[in-house]
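Each chain, written out:
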Amino acid sequence: MEFGSYVRNAVPPYKSAAHTSDMKIFNSAPTAIELYESVKGEVKNALKAAAETGIKAHALYWVVPDMHFSGAITVEKAMEELNYDGFKIHPRAQDWDLGDTKNLALADKVFSYAEEYKKRILIHAGDDLFENPRVFESLISLHPSVTVQIAHCRPVSDTLYILKEYPNVVCDTAMASDESIRQIKQAGYESRLCYGSDFPITHWQKERPQNDPTKQELVEFALKQKTVWCISALYTQ
């Protein structure tokens with residue numbers, strides 16, 4: 001199976017051309033750069049609050065390909081504007097088809113920057129082909145000094161393969177099943193298993209509020225951990 005290139009299912013239009021004559025379109029959504037500036041301000045505030053409470057927070061820059069392709073931002077500019085400790089790549093939220101030369105060039109730029117400046121890369125992984133961790137295998141192999149964190153341990157079989165082949169890879173427990181964690185520990189990779197909660201997630205909190213920790217529980221946990229990784233997310237649900 002080839003993981004570097006894939007075809008995602010096309011999303012059907014909400015209305016066909018025959019039904020658009022009476023449609024009015026209003027564009028009130030923020031532009032990508034406006035959203036970026038807004039999120040950047042939130043990250044600054046989060047880092048400031050963490051410092052004031054004695055928590056070591058690590059911000060990750062969420063890479064959105066379309067914003068880079070538009071020329072609104074570059075990898076260097078994003079990393080210079082805020083003291084990010086790494087990157088996040090999310091193949092489900094954004095199209096990261098590495099069969100596309102622009103996507104591949106951007107991904108290689110991220111990995112090369114991370115290698116030069118000792119930054120971590122967190123990659124969302126899931127059960128669909130386009131979000132399989134092996135999509136990025138060639139880049140993980142080409143940049144062995146970059147710590148790559150596979151989020152969610154999905155699929156666990158491919159997570160185990162990546163852990164076996166590449167010592168620069170770790171994984172996390174965020175949204176991972178107990179069975180996946182058991183298999184990873186049993187295979188001898190417990191020391192490369194990072195704690196991850198994936199909370200708080202605002203849209204999930206609305207759907208399953210009983211599963212979300214309270215604000216007080218989050219504060220108590222953060223104070224005990226003394227280290228928090230936070231994400232600069234240019235993505236809304």
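Analysis parameters
- Residues numbered from 1 in each chain as written.
- Predicted model: local features only at pLDDT ≥ 70, side-chain atom pairs only at ≥ 80, totals over all residues.
- Heavy atoms only, no water.
- Core = buried A, V, L, I, M, F, W, Y, C linked by side-chain atoms within 4.5 Å.
- Buried < 20%, exposed > 50% of the residue type's maximum accessible area, 1.4 Å probe, protein only.
- Contact = heavy atoms within 4.5 Å.
- Axes fitted to C-alpha atoms, helices over the stretch in contact; angles between N-to-C directions.
- Helix = DSSP H or I, 4+ residues; strand = E, 2+ residues; numbered from the N terminus.
- Parallel < 35°, antiparallel > 145°, perpendicular 65-115°, else oblique.
- Left-handed = near helix turned anticlockwise from the far one by under 90°.
- Salt bridge = Lys/Arg side-chain N within 4 Å of Asp/Glu carboxyl O.

Asker: Can you walk me through the nonpolar core in this structure?
Answerer: Within soluble globular proteins, side chains that are nonpolar tend to cluster in buried spots. Core analysis: the largest hydrophobic core is formed by 48 residues, its most contacted members being Tyr61, Phe87, Phe111, Ile121, Phe136 and Ile184. Excluding residues that lie within four positions of it along the chain, Phe111 makes contacts with Ile89, Ile121, Ile123, Phe136, Leu139, Ile140, His143, Val146 and Val148.

Asker: Could you clarify how one ought to interpret the packing of helix α6 (residues 156–165) against helix α7 (residues 178–186) in this entry?
Answerer: Helix-helix packing: each pair is described by the crossing angle between the helix axes and the interaxial distance. α7 packs onto α6 with a crossing angle of 25° between their chain directions and a minimal axis gap of 10 Å. Looking at the two axes, α6 sits roughly parallel to α7. Note that α6 runs across α7; the crossing there is right-handed. Contacts from Val156, Thr159, Leu160 and Leu163 in α6 reach Ser180, Gln183 and Ile184 in α7.

Asker: Would you take a moment to explain unusual backbone geometry for this structure?
Answerer: Among all residues save glycine, negative phi is the norm, and among peptide bonds the norm is trans. In this structure, Pro155 follows Arg154 across a cis peptide bond, with omega equal to -20°. Residues other than glycine seldom take positive phi values, yet His152 does so here, at roughly 80°. Note on placement: His152 falls in the loop between β4 (148–151) and α6. Taking relative accessible area as the criterion, His152 reaches 7% and is therefore assigned buried. The phi angle at Cys153 is positive, at roughly 55°, despite the residue not being glycine. Tracing the backbone through its elements, the reader meets Cys153 in the loop between β4 and α6.

Asker: For this particular structure, what's the right way to read the pattern of salt bridges?
Answerer: Two side chains bearing opposite charge may form a pair once their charged atoms approach each other closely. Evaluated as defined, the whole model comprises eleven salt bridges. Between Lys40 and Glu37 there is a salt bridge, with its nearest N and O atoms 3.1 Å apart. Within this pair, Lys40 and its partner Glu37 are both found in helix α1 (residues 32–52), separated by three residues, close to a single helical turn. For Arg154, the salt bridge is made with Asp127, and the minimal N-O distance between the two is 3.9 Å. Of this pair, Arg154 sits in the loop between β4 and α6 while Asp127 is found in the loop between β3 (120–124) and α5 (137–142), placing the two residues 27 residues apart along the sequence. Since its relative accessible area comes to 25%, Arg154 is described here as partly exposed. Connected through shared salt-bridge partners, Glu37, Lys40, Lys77 and Glu81 make up one network.

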